[in-house]
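Examining the three-dimensional arrangement
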Amino acid sequence: MSSVELTVREYGHFIDGEEVAATGQIDRLGPATGELVARFAAGTATDVEAAVSAARRAFDRGPWPRLSGAERARVLLDCVAALHERAEEIAMIDALEVGKPLRQARGDVAGAIGHFEYAAALAQDIHGETFTDLENGRMGFVFREPAGVAALIIPWNFPAGIFGQKAPYALAAGCTVVAKPSELTSGSAVEIARLITEAGVPAGAFNVVTGYGDPVGQALVESPDVDFVSFTGSTATGQRIAAAAAGSHKRIALELGGKSANIVFADADLDDAVDGSLFSVFYNAGECCVAGTRLLVEEAIADEFLDRLARRAGELTVGDPLADDAQVGALISPDHLEKVMSYVASGKEEGARLLTGGAQVDGGLFVEPTIFDGVTPQMRIFREEIFGPVLSAARFEGVEGAVALANDTPYGLGNTVWTKNVDTALSMAKRLRSGSVWVNTSLDTAPQMPFGGFKASGHGREMGRAGFEAFTELKSCYIAIGKRDPYFG
Ligand code: TXE
């Protein structure tokens, strides 16, 4: 249960330090109940223009990029304190709009606060390089400067969480921001924008425009006044953004889909592996870009392991996200539920064996935790991102077999390995083609650790020093010492 009760809130945009009324509205029906939980502004290209102009002014003439790193760090730490005070309310907003268990939403908000704390530390540690002995008596300084106006395009699966992976790093670097949350889950972004402005981020330095991908996201990507776009979402939209951004020569970072393998060797601690494998795929109802949706299990233990896994999957509590014991919440929308169920049908049609689940649960957009065995690399449920609580199991022999199957995917976001053999652990960690690898644990993140993908899972990194530096530009400055020889001799 929560100490916070929410009434239906109506949100405007947040531009130049103020909430701006909507011209059009989006009614958000909670996926767990079908009832109205919030109203968001349906932004237009004009709203984007206003927000980008405010961010541009704040970057070109405002104080934020010109503060010292220590001053920006102090403001970010004030944001941390303000976020702590409002954490339960923000978690509740995400739980209602996403349909995710409140306890998981609380974890997302705690994660976002951790990013603000780490970004405050990075803000005080911005430095370049110095070359003291270049040829002809010159010196070289490599400065690191804020990249400019950053557009942050955020999806619906972790509204506060992914906001936290981007916004504090942008601010720490000295960028000004226009954020666009998903049209399905915009509440927490507007709340946090107001809160961080009250905590001291100056007007115009942080703006939010809500609404649909087209026109809002599209206008941001096409705007000549946006210098950098950080996007998390589908691979298809990422490709569209890359094409649109090319027209205005802006830099982009794309964190896209995944089809991560969860690989269980016969020598693993099987209790941990069962527990971790369930979490890896059913956490956030499988609506997680790094979800371990392909279970690769070593032949010698496959039957026993899958039996245990299917039994435990059937015991997970699916339903009301606000219940204390909720483990698997609702899917994000009726359309998405239909997509997930079409993959269940496709698994059956292509000859995979349904071990458990496979049905919709009454009373909301809930789907039973589902496991297919006998999946082959040709099947759609092995290759395509389902983004729901559906696990596709295949079997392998030895390290070579595991590597071949795991890397047989267009994606490269994350992979998990369960083994007690140190040689197996290290050679798998080196040979898996993905931006993250977990060994005897799964889906961990930490602000210090960069996050992103290989192959179709995107490019660029967020979080960590690399994610912070993505919001900076390098400038090479040459300085001649003393009188130099005439250029033309
Ligand atoms: O994603 P979109 P959708 C995957 C997952 C899911 C599928 C579709 O497989 O089933 O994508 O989800 C904004 N220019 N992921 O349709 O469209 C949009 O408004 C600029 C993986 O919701 O990529 C939202 O804010 N922006 C994923 C954001 O992009 C545009 C998380 C993501 O929406 C735009 C979510 C445009 N032309 C879905 N069109 C992950 N990597 O975690 C849309 N948007």
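Residues numbered from 1 in each chain as written. Predicted model: local features only at pLDDT ≥ 70, side-chain atom pairs only at ≥ 80, totals over all residues. Heavy atoms only, no water.

On to the environment of D108, then. By the element assignment, D108 lies in helix α3 (residues 102–123). A C-alpha to C-alpha distance of 22 Å links D108 and A253, two positions 145 residues apart in sequence. Residue contacts for D108: discarding those within four places in its chain leaves K100, F158, G161 and Y283. (Helix = DSSP H or I, 4+ residues; strand = E, 2+ residues; numbered from the N terminus. Contact = heavy atoms within 4.5 Å.)

This part is about the sheet that holds strand β4 (residues 25–29). Here we have 3 strands laid out as an open sheet, ordered β1-β5-β4, and mixed in their pairing. Strands at the two margins of the open sheet, each flanked by one partner only, are β1 (9–10) and β4. The sheet contact formed by β4 and strand β5 (residues 36–41) spans 5 bridges and is antiparallel. Counterpart to I26 in the pairing with β5 is F40. Lying on the sheet, helix α2 (residues 69–98) is in contact with β1, β4 and β5; it crosses β5 at an angle near 100°. (Pairing = 2+ DSSP bridges. Axes fitted to C-alpha atoms, helices over the stretch in contact; angles between N-to-C directions.)

Quick look at the domain arrangement of the chain now. Assigned domains within the chain: domain 1 (9–256 + 453–475) and domain 2 (261–439). A C-alpha centroid distance of 31 Å is found between domain 1 and domain 2. Buried area between domain 1 and domain 2, summed over both chains or domains, comes out near 2,400 Å², and the portion from carbon and sulfur atoms is 57%. Three residues, W156, F454 and K455, lead the burial of domain 1 against domain 2; their summed loss comes to 23% of the area buried on that side. Joining domain 1 to domain 2, the criterion identifies 0 salt bridges. Seen at the junction of domain 1 and domain 2, the total is 16 residue pairs in polar contact (both at pLDDT 80 or more). When contributions to the side of domain 1 that touches domain 2 are tallied by element, the ones reaching two or more residues are α2, α3 and β23 (454–455). With 5 residues, α2 is the single largest residue contributor to the side of domain 1 that touches domain 2. (Domains from an automatic or database assignment. Buried area = accessible area lost by both parts, 1.4 Å probe. Salt bridge = Lys/Arg side-chain N within 4 Å of Asp/Glu carboxyl O. Polar contact = N/O pair within 3.5 Å; in protein donor to acceptor, adjacent residues only side chain to side chain.)

With that settled, consider the packing of aromatic side chains. A full pass over the atoms with the stated rule returns 9 aromatic pairs. Taken together, a centroid distance of 5.1 Å and an interplanar angle of 75° make the contact between F265 and F396 edge-to-face. Taken together, the residues span a long stretch of sequence, with F265 in the loop between β13 (261–264) and α8 (270–282) and F396 in strand β19 (residues 390–396) at a distance of 131 residues. Overall, the relative accessible area of 3% leaves F265 in the buried class. Here F396 falls in the buried class, since its relative accessible area comes to 3%. An aromatic cluster of at least three residues, connected via ring pairs, comprises F158, F279 and Y283. Directly above the aromatic system of F382 lies the positively charged group of R294, at a separation of 4.8 Å from the ring centroid. (Phe/Tyr/Trp six-rings, centres within 6.5 Å; stacked < 30°, edge-to-face > 60°. Buried < 20%, exposed > 50% of the residue type's maximum accessible area, 1.4 Å probe, protein only. Lys NZ or Arg CZ within 6 Å of the ring centre and 35° of its normal.)

Further remarks concern the site of the ligand. The local shell around the ligand holds 26 residues, among which W156, E183, Q218, K339 and E385 are the closest. K339 places a polar side-chain atom, nitrogen or oxygen, 2.6 Å from an oxygen atom of the ligand. For the ligand, whose accessible area on its own is 810 Å², the fraction buried by protein is 87%. Put simply, the parts of the chain that give the shell around the ligand at least two residues each are α6 (213–222), β11 (228–232), α7 (235–246) and α10 (334–349). Taken together, the residues that form the shell around the ligand break down as 10 nonpolar, 10 polar and 6 charged. Three or more residues apiece are contributed to the shell around the ligand by two domains, here domain 1 (9–256 + 453–475) and domain 2 (261–439). (Near = heavy atom within 4 Å. Areas by Shrake-Rupley, 256 points an atom, 1.4 Å probe, with all protein chains shown as cover. Nonpolar A, V, L, I, M, F, W, Y, C, P; charged D, E, K, R; others polar.)

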